[in-house]
Amino acid sequence: MKKIQILNISDKADLPRFEEFFTFCITHQVSNLKEMMEYYENHTSDVVLFWNLPIDDDLLDCMTLIASLHPDTYFLLIATNKPTLAPSARMICCNNHAPTILTHLCRIAFDGQKGELALNEFLHHGELVLALVYIPTIARMRLISTLDSIQFLLRQINDFFESYCPRATRIFQIDSDYFAIVFLENEIEAAKDFVAALDMLRLEHGFEIDEREIDVEFIAGIVQGKGEILAPKAYSALALATHNNAKFYTLEQSDEEFAQQQHNKIYWMREVHAALKSGRVVPYYQPILNNESGAIEKYETLVRLVDNQGNVILPGVFLDAARESGLMNNVTMAVINKSFADFRDCDFEFSINISEECLQDRRIIKYLLNRCERYEIPMNRVLLEVLEGINTSQGKVLEHIRELHSKGFKIAIDDFGAANSNFGRLIDLKAEYIKIDGNFVRNIDTDERSYKIVDSIAKFAKSIGAKSIAEFVHSEKVYRIVCELGVDYSQGFLFGEPTPEL
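Keep in mind it's a predicted model, so treat the numbers as computed, not measured. (Residues numbered from 1 in each chain as written. Predicted model: local features only at pLDDT ≥ 70, side-chain atom pairs only at ≥ 80, totals over all residues. Heavy atoms only, no water.)

Undergrad: I tried to follow the layout of surface pockets on my own but got confused; where do I start?
TA: It is a probe the size of a water molecule, rolled over the atoms, that shows where empty space is left. Taken as a whole, the second largest pocket encloses approximately 410 Å³ of empty space. If you trace the second largest pocket, you find 16 residues lining it, with Lys34, Met37, Arg270, His273 and Ala274 closest to the centre. Every element with two or more residues in the lining of the second largest pocket is listed here: helix 1 (33-42), helix 2 (57-69) and helix 9 (255-278). When the residues that make up the lining of the second largest pocket are grouped by side-chain class, the tally is 7 nonpolar, 2 polar and 7 charged. (1 Å grid on protein atoms, 1.4 Å probe; cavity = no way out; pocket = protein on both sides within 12 Å on 5 of 7 lines; lining within 4 Å. Points joined across faces, edges and corners; volume = space filled by probe spheres on them. Helix = DSSP H or I, 4+ residues; strand = E, 2+ residues; numbered from the N terminus. Nonpolar A, V, L, I, M, F, W, Y, C, P; charged D, E, K, R; others polar.)

Quick look at the structure:
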């Protein structure tokens, strides 16, 4: 049986070592959350056991970070109240009664061990291709079907894979929602072909639950490599498939590159967390010029992170880490608070970038209203920039945008003209400003296609009563063309780089 790694978090030296009770346990111990995060730089654990630590933001942030990187980790809290964490996180709360703790460890040890153990052994058989298949249908069926019905469906899915998987493959059910398919002949094209055919094969096969036919959805991540790193690579490929709304994603990255990427990700997750605590997530401001008057009327607020050596880090380096560790709201609120304080004593309008994650959460509405009141800033001075490709059909994004608009905040659509441009969405959002994607503006003097796109967007903006803003205006020639096309505002290095001061 696979041994489970247990990490004790406590400053007490007399905690039990669980291998004294069970041969399948290996116990490690650190004194505090900082040491825990340092431990996770080079190690992992199956169970993190928190002994009577205060359930505060630091604890929850660390748990969220670990859960995002290692979704199979269990968190066992010696506490009476269960904190709020992502629904996918595996968290158990219990008292410090020894038999209760040992019972939970036994359940964790045997949860999915058969499939995971067999898969783990196969991953050490040299270079392999692994397809990790997630079945979101299972999660939906749990809401309306009994456990027996779910088990019946899982048996059908297992039979389906047994019937259709190509030769020289092994199938492992590693969780109720996940199946792993190992291609022993290391043929990645065979894995791609099989996964691509799943949509057709599932219709041919047919599935039923509670005496009615249902559609079973498959999403897959495909990777190639060897050893234990294949599993986290496969989960990453699966996450990219989900993010891209694709049926499967092939992560074509070497084991070494992936390991370095994960190390960097952990580093920046820790950096963002530390920077938020010490006030090193800061706003920078870039001016926006009125093309008719030639005057600076507005500023865009841009986020930066200042590291411990005073280096200014651009958002492209750390925002993905903030997003994956659940800290985007915290980053946005830090920028909102500091920028509102800076604009309190002037009359400029200013814009704040609001992510889709933030717009899912109604707290951002309350926070914006609170900051307006505290710093006595009229809501109509604040532009909320949302990406053009934002998914307004998910959750309450559109409802929250409309509520903010009704309160007086102005809406600007950022990067319009990029992928997934949707003119209808502009109508839905009632945007006052359209920011033209800088990739078209910067080449407007040399690329005819870019010229036509900017011209079309500027005319469309006028037709719906919105103002247009050209981004990436970097030269006098580009600025002259932008003005000739009737674009209302310009932003770019020609007028000023982002700076921490107004």
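Undergrad: Please explain the packing of aromatic side chains as it appears in this structure.
TA: Working definition: an aromatic ring pair is given by the centre-to-centre distance plus the angle between the planes. Scanning the model with the defined rule gives 19 aromatic pairs in all. Taken together, the ring pairs in this structure connect Phe160, Phe161, Tyr164, Phe179, Phe207 and Phe218 into an aromatic cluster. (Phe/Tyr/Trp six-rings, centres within 6.5 Å; stacked < 30°, edge-to-face > 60°.)

Undergrad: Is there a simple way to think about helix 10 (residues 315-324) in this case?
TA: Each turn of an α-helix holds 3.6 residues, which means side chains three or four residues apart point in the same direction. Of all the residues in helix 10, the buried ones are Phe318, Leu319, Ala321 and Ala322. Each buried residue of helix 10 sits inside an arc of 165° when the element is viewed along its axis, so together they form one side. Contacts made by the buried residues of helix 10 are with helix 9, strand 14 (296-306), strand 15 (312-313) and helix 11 (328-343). Taken from the residues just after helix 10, Gly326 is the one with a positive phi, measuring 75°. (Buried < 20%, exposed > 50% of the residue type's maximum accessible area, 1.4 Å probe, protein only. Arc of directions from axis to C-beta. Contact = heavy atoms within 4.5 Å.)

Undergrad: For this particular structure, what's the right way to read the sheet that holds strand 3 (residues 47-51)?
TA: By way of backbone hydrogen bonds, the strands of a sheet pair with one another, either parallel or antiparallel. Spatial ordering of the open sheet is given by 2-1-3-4-5, a layout of 5 strands whose pairing is parallel. Each edge of the open sheet carries a strand with a single partner, namely strand 2 (25-30) and strand 5 (90-94). Neighbour to neighbour, the strand axes of the sheet diverge by 20° on average, direction disregarded. One ladder, built from 4 bridges, connects strand 1 (residues 4-9) with strand 3; its direction is parallel. Bridged to Leu7 within strand 3 is Val48. Contacting strand 1, strand 2 and strand 3, helix 1 crosses the sheet at an angle of about 150° to strand 1. Lying on the sheet, helix 2 is in contact with strand 3, strand 4 (74-78) and strand 5; it crosses strand 4 at an angle near 160°. (Pairing = 2+ DSSP bridges. Axes fitted to C-alpha atoms, helices over the stretch in contact; angles between N-to-C directions.)

Undergrad: What am I meant to see in the sheet that holds strand 8 (residues 178-183) here?
TA: Pairing is mixed in the open sheet, where 5 strands are placed in the order 7-8-6-11-12. Of all the strands in the sheet, just strand 7 (169-175) and strand 12 (248-250) have a single pairing partner and so form its edges. When strand polarity is set aside, the average angle formed by the axes of neighbouring strands in this sheet is 20°. The pairing of strand 11 (residues 219-225) with strand 12 spans 3 bridges and is classified as parallel. Counterpart to Gly221 in the pairing with strand 12 is Tyr249. On top of the sheet, helix 7 (residues 188-205) reaches strand 6 (128-134), strand 8, strand 11 and strand 12; it is set at about 175° to strand 11, its chief contact. Sheet contacts for helix 8 (residues 230-243): strand 6, strand 7, strand 8, strand 11 and strand 12; angle to strand 11, the most-contacted strand, approximately 140°.

Undergrad: Looking at this structure, how should I read the side chain of Thr169?
TA: Along the polypeptide, Thr169 turns up in strand 7. Judged by its relative accessible area of 16%, Thr169 falls in the buried class. A polar atom in the side chain of Thr169 sits 2.7 Å from the backbone oxygen of Pro166. Setting aside its immediate chain neighbours within four residues, Thr169 contacts Ile181, Val182 and Phe183. (Polar contact = N/O pair within 3.5 Å; in protein donor to acceptor, adjacent residues only side chain to side chain.)

Undergrad: It is not clear to me how the nonpolar core should be interpreted in this structure. Could you clarify?
TA: Soluble globular proteins tend to bury their nonpolar side chains together. If you look at the biggest cluster of nonpolar residues, it comprises 94 residues, and the most contacted ones within it are Met36, Phe50, Phe75, Phe340, Ile352, Leu384 and Val386. Leaving out residues up to four positions away in the same chain, Ile352 has contacts with Thr301, Val335, Ile336, Ser339, Phe340, Val382, Leu383, Leu384 and Glu385. Among the nonpolar cores identified, the runner-up in size contains 30 residues, and Ala131, Ile188, Phe207 and Val216 belong to it. (Core = buried A, V, L, I, M, F, W, Y, C linked by side-chain atoms within 4.5 Å.)

Undergrad: Looking at this structure, how should I read the pairing of strand 18 (residues 410-416)?
TA: In summary, the side chains of a regular strand alternate between the two faces of the sheet. Strand 18 sits mainly inside the fold: 6 of its 7 residues count as buried. In terms of strand pairing, strand 17 (residues 382-387) meets strand 18 through 5 bridges, oriented parallel. Residue Leu387 lies in a different strand from strand 18, and its bridge partner there is Asp414. Bridging between strand 18 and strand 19 (residues 433-436) involves 3 bridges; their strand directions are parallel.

Undergrad: What is the right way to look at helix 14 (residues 397-407) in this model?
TA: Of the positions making up helix 14, those classed as buried are Val397, Leu398, His400, Ile401, Glu403 and Leu404. In the segment just after helix 14, Gly408 is the residue with positive phi, at about 120°.

Undergrad: Quick question: what am I supposed to make of a negative patch on the surface here?
TA: There is a patch of like negative charges on the surface, built from Glu208, Asp210, Glu211 and Glu213. Checked against the element boundaries, Glu211 lands in the loop between strand 9 (207-209) and strand 10 (212-214). (Patch = residues over 30% accessible without salt bridge, like charges linked within 9 Å, V, L, I, M, F, W, Y side chains within 5 Å. Areas by Shrake-Rupley, 256 points an atom, 1.4 Å probe, with all protein chains shown as cover. Salt bridge = Lys/Arg side-chain N within 4 Å of Asp/Glu carboxyl O. Lys, Arg positive; Asp, Glu negative; His and termini not counted. Charge placed at Lys NZ, Arg CZ, Asp CG, Glu CD.)

Undergrad: Just checking my understanding: could you explain unusual backbone geometry for this structure?
TA: Peptide bonds are trans in most cases, and residues, glycine excluded, mostly fall at negative phi. Positive phi, close to 55°, is recorded for Ala168, a residue that is not glycine. Inspection of the secondary structure puts Ala168 in the loop between helix 6 (147-164) and strand 7. In the Ramachandran plot, Glu211 falls in the positive-phi region, its phi being about 65° despite a non-glycine side chain.

Undergrad: Would you mind showing me how to read the pairing of strand 14 here?
TA: Burial runs high along strand 14: 8 of the 11 residues are buried. Examined bridge by bridge, strand 13 (residues 281-290) and strand 14 share 9 bridges and lie antiparallel to one another. In the sheet register, Pro283 faces strand 14, and the bridge partner there is Val303. Counting the residues between successive antiparallel strands, the hairpin from strand 13 to strand 14 contains 5 residues, one of them, Gly294, with a positive phi of roughly 75°. Bridge count between strand 14 and strand 16 (residues 349-353): 3 bridges; the pairing is parallel. The residue bridging Tyr299 from the neighbouring strand is Phe350, located in strand 16.

Undergrad: Is there a simple way to explain the side chain of Gln262 in this structure?
TA: With respect to the helices and strands, Gln262 occurs in helix 9. Aside from chain neighbours lying at most four places away, what touches Gln262 is Leu69 and Ser236.

Undergrad: Hey, could you run me through empty space enclosed by the protein in this one?
TA: Using the criterion set out here, one finds 1 cavity of 30 Å³ or more in the structure. Met37, Tyr40, Leu65, Ile66, Leu69, His70 and Ile266 are the residues that line the largest cavity. Residue assignment for the lining of the largest cavity shows that the elements contributing at least two residues are helix 1 and helix 2. Of the residues forming the lining of the largest cavity, the biggest block, 3 residues, is contributed by helix 2. For the lining of the largest cavity, the residue count by class is 6 nonpolar, 1 polar and no charged.

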